[in-house]
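Geometric and topological summary
Here is what each chain is made of, one letter per residue.
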Amino acid sequence: MEIRAYRQEDIKEIAELFYNTVHTVNAADYTEKQLDAWADGNIDLAAWDRSFQEHMTLVAVMTSDKENGTEQIVGFADMDNTGYLDRLYVHRDFQRYGIASELCSRLEQAAEVEEFTTHASITAKTFFEKRGYRVVQEQQVERQGILLVNYVMKKGADDSC
């Protein structure tokens, strides 16, 4: 696995990974209606690309064909300059390989902030707690008229991973 900077040509594969991950990995914690509201398959690719370019965005790739150098994106994450970890998703077939931990660690190490914040799904809450994040608030976020539970979580930059 290699961790590299985001490239504009990654956006379509990232959008597909996002949709598939939400609809499989998060299915145990959210209803089908909630999953459809969260990831409806109609991402504004231009807006996500702008956001990724404004943030520090990392992509985890596996080389699937060494002769041709074909890469498969197996995870991605982005953090803005305030320490807000916006998105962190790992391909459904590559869960529990340490990809999310590596992406998160690299973003945290590169950020020059005093505190990190994220809005973690029910599914991701335990992952962030193990990294030293604490729940500040449970909240309900509305997407397309559907409510989704998530957690505002924070961690001091000096806290150990």
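Here goes a summary of the coordinates provided. Small disclaimer: the values here were computed from a predicted structure and weren't measured. (Residues numbered from 1 in each chain as written. Predicted model: local features only at pLDDT ≥ 70, side-chain atom pairs only at ≥ 80, totals over all residues. Heavy atoms only, no water.)

**Topic: helix H4 (residues 99–110)**
Between its first and last C-alpha, H4 extends 17 Å over 12 residues, near the 16 Å set by a 1.5 Å rise per residue. Listing the buried residues of H4 in full gives Ile-99, Ala-100, Leu-103, Cys-104, Ser-105, Leu-107 and Glu-108. (Helix = DSSP H or I, 4+ residues; strand = E, 2+ residues; numbered from the N terminus. Expected span 1.5 Å × (residues − 1). Buried < 20%, exposed > 50% of the residue type's maximum accessible area, 1.4 Å probe, protein only.)

**A few points about the pattern of salt bridges**
Scanning all chains against the criterion turns up 11 salt bridges. Note that Arg-7 is salt-bridged to Glu-71, the shortest N-O span being 4.0 Å. Residue Arg-7 is found in the loop between strand S1 (2–5) and helix H1 (11–25), and its partner Glu-71 is found in strand S3 (residues 70–79); the two are separated by 64 residues along the sequence. Accessibility expressed as a relative area gives 28% for Glu-71, which makes it partly exposed. Between Glu-108 and Arg-131 there is a salt bridge; the shortest N-O distance is 2.9 Å. Within this pair, whereas Glu-108 is found in helix H4, its partner Arg-131 is found in the loop between helix H5 (122–130) and strand S6 (134–143), the two being separated by 23 residues in sequence. Accessibility classification places Glu-108 together with Arg-131 in one group, the buried group. (Salt bridge = Lys/Arg side-chain N within 4 Å of Asp/Glu carboxyl O.)

**Observations concerning the nonpolar core**
Leu-85, Leu-88, Ile-99, Leu-103 and Phe-128 are the most contacted members of the largest nonpolar core, which has 23 residues in total. Of all the elements in the fold, those that place two or more residues in this core are strand S2 (56–65), S3, strand S4 (84–90), H4, strand S5 (115–121) and strand S7 (146–156). By residue number, the principal contributor to this core is H4, which donates 5 residues. Dropping the residues within four chain positions of it, Leu-85 is found in contact with Ala-77, Asp-78, Met-79, Cys-104, Leu-107, Thr-117, Thr-118 and Phe-128. The next biggest cluster of nonpolar side chains, apart from the first, holds 18 residues, and it includes Tyr-6, Val-59, Val-61 and Phe-76. (Core = buried A, V, L, I, M, F, W, Y, C linked by side-chain atoms within 4.5 Å. Contact = heavy atoms within 4.5 Å.)

**So, unusual backbone geometry**
Its identity is not glycine, yet Arg-96 carries a phi of approximately 65°, on the positive side. Within the element layout of this structure, Arg-96 appears in the loop between S4 and H4. Residue class for Arg-96 comes out exposed when judged on its relative accessible area of 85%. Of note, the phi angle at Gln-144 is positive, near 55°, even though the residue is not glycine.

**Points about the layout of surface pockets**
The probe, sized like a water molecule, is rolled over the atoms to show the empty space still left. In this structure, the largest pocket occupies an estimated 1,200 Å³ of space. Forming the walls of the largest pocket are 43 residues, and the residues nearest its centre are Trp-38, Leu-88, Tyr-89, Ser-121 and Ala-124. Taken together, the elements giving at least two residues each to the lining of the largest pocket come down to H1, helix H2 (32–38), S4, H4, S5, H5, S6 and S7. Sort the elements by how many residues they give to the lining of the largest pocket and S4 lands first, with 7 residues. Residue classes in the lining of the largest pocket are distributed as 24 nonpolar, 13 polar and 6 charged. (1 Å grid on protein atoms, 1.4 Å probe; cavity = no way out; pocket = protein on both sides within 12 Å on 5 of 7 lines; lining within 4 Å. Points joined across faces, edges and corners; volume = space filled by probe spheres on them. Nonpolar A, V, L, I, M, F, W, Y, C, P; charged D, E, K, R; others polar.)

Purely geometric numbers; function is a separate question.
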